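Examining the three-dimensional arrangement
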Amino acid sequence: MESTALITPGLARDLAALGRLGEDTSMESVLRGLTTALAAGVPGCAGASAEHWRDQRVIVSGSHSELIMLVEGEREVGEGPSVEARKSGARASVSDVLTDGRWPRYDALATRWGVRSALAVPIDVAQAQLVVGLYSVRPGAFSPQGAHSLTDMLTEQLGVAMANMWDFEEVRTDAAQLQEALAGRALIDQAKGIIMQTSGCTAEDAFEELRRISQHHQVKVADLARLLVEEHQRKSRRSPG
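Description of the structure in this document.

About the criteria used
Residue numbers restart at each chain and count upward from 1, following the sequence in its written direction. Two thresholds apply to this predicted model, a pLDDT of at least 70 for residue-level local features and 80 or more for giving and counting side-chain atom pairs, whereas whole-chain, interface and lining totals are computed over all residues. Derived side-chain values reflect all non-hydrogen atoms in the structure, with water molecules and hydrogen atoms excluded from consideration. Throughout this description, the term nonpolar core refers to a set of buried Ala, Val, Leu, Ile, Met, Phe, Trp, Tyr and Cys residues connected via side-chain atoms within 4.5 Å. Here the term buried applies to any residue with accessible area under 20% of the maximum for its type, exposed to any over 50%, and partly exposed to those in between, with areas from a 1.4 Å probe on protein chains only. What counts as a helix is a DSSP run of H or I of at least four residues, what counts as a strand is a run of E of at least two, and both are numbered from the N terminus. Any two residues whose heavy atoms approach within 4.5 Å are treated as being in contact. To obtain an axis, a line is fitted to C-alpha atoms, over the contacting stretch when the element is a helix, and the angle between two such axes runs from 0 to 180 degrees between their N-to-C directions. Each angle is binned into one of four classes, with values under 35 degrees roughly parallel, values over 145 roughly antiparallel, values of 65 to 115 roughly perpendicular, and all other values oblique. Classes in brief: Ala, Val, Leu, Ile, Met, Phe, Trp, Tyr, Cys and Pro nonpolar; Asp, Glu, Lys and Arg charged; the others, Gly included, polar. Strand pairing follows a simple DSSP-based rule, namely that at least 2 bridges must link the two strands.

1. Comments concerning the nonpolar core
- Judged by nonpolar contacts, the single largest core of 31 residues is most densely connected at Leu34, Leu38, Leu134 and Leu154.
- It is helix α6 (residues 144-199) that contributes the most residues to this core, seven residues altogether.
- Beyond its immediate stretch of four places on either side in the chain, Leu34 contacts Leu15, Leu18, Ala50, Val132, Leu154 and Leu158.
- Of all hydrophobic cores here, the second largest spans 18 residues; its members include Leu67, Ala85, Ala120 and Val131.

2. Observations concerning the packing of helix α1 (residues 9-17) against helix α2 (residues 27-41)
- Taken N-terminus to C-terminus, the directions of α1 and α2 make an angle of 175°; their axes are 9 Å apart at the nearest point. The angle between α1 and α2 falls in the class roughly antiparallel. Each of Leu11, Asp14 and Leu15 in α1 lies in contact with α2, whose residues at this interface are Leu34, Ala37, Leu38 and Gly41.
- Tallied by class, residues from the contact of α1 with α2 come to five nonpolar, one polar and one charged.

3. Section: the sheet that holds strand β4 (residues 117-125)
- Pairing within the open sheet is antiparallel, and its five strands lie in the order β2-β1-β5-β4-β3. Two strands lie at the open edges of the sheet, namely β2 (57-62) and β3 (92-94), each paired on one side alone. On average, adjacent strands in this sheet sit at an angle of 15° to one another, irrespective of strand direction.
- In this structure, β3 lies alongside β4, joined through three bridges in antiparallel fashion. Within β4, the residue paired with Ser93 across the bridge is Leu119.
- Where α2 meets the sheet, it contacts β1 (47-54), β2 and β5 (128-136), and its direction lies at approximately 150° from that of β1.

4. Examining the packing of helix α7 (residues 203-217) against helix α8 (residues 221-238)
- In contact at an axis separation of 9 Å, α7 and α8 are set at 105° when each is read in the N-to-C sense. Taken together, the axes of α7 and α8 are roughly perpendicular relative to one another. Listed contacts from α8 to Phe207, Leu210, Arg211, Ile213 and Ser214 of α7 are Val221, Leu224 and Leu228.
- A breakdown of the residues in the contact of α7 with α8 according to their chemical character gives six nonpolar, one polar and one charged.

5. Here's the deal with unusual backbone geometry
- Of note in the backbone geometry, Asp55 takes a positive phi value of approximately 55° without being a glycine.
- In this fold, Asp55 is placed in the loop between β1 and β2.
- In this structure, Gln218 takes a positive phi of about 55° despite not being glycine.
- Structurally, the position occupied by Gln218 is in the loop between α7 and α8.
- Residue classification places Gln218 among the exposed positions, given a relative accessible area of 74%.

Honestly, it's all geometry; don't read function into it.
Below you can see the structure in the form of structure tokens.
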């Protein structure tokens, strides 16, 4: 039973829920959900942090603002369990910051925020690396056996959640690009209508005129169409009823 000491049914349920995405889902919201689930569901855990590393850029989240400051301070001093976990690709822990002598500058930071023991778990996911941190106000809160079992669960559930997140972001980007393209097409059609009304030309001639002007001024046809429509609307508002 000791090997599952850090896992509770509530934690398993909350971690599985991270893979269910909605319209307001973002990487930040997934990381907040992760840290909240760990802080509430891991026995002995008083708080959690999560670092999402991709292309040397990092997003940091924490169940408490103090833990975000601790993680960022750890990165600044260049030592500590999260730094070690990211560098080595293996779990790193501090059983008691008051007696551990490996990272004295980190120990001083952790003591300032009331942390006595910590566990950092690196997880490689598609296109990124996550470093998950767990913190306790008492020493020796995270057993090696429990940490191993928790790592397996985090790797599985976060792998699913991150894969879903990438797919979701891709679909959302495609939808935004399509919406932008449709909006641009609508503006071009309006601009063509204005040119046709004022010059009596055909739709094809109106588009050719738009393209000629856009090339001359080195602007996109859609941007030129927007300017033409906005100017037409301003003139219409100024005209007497």
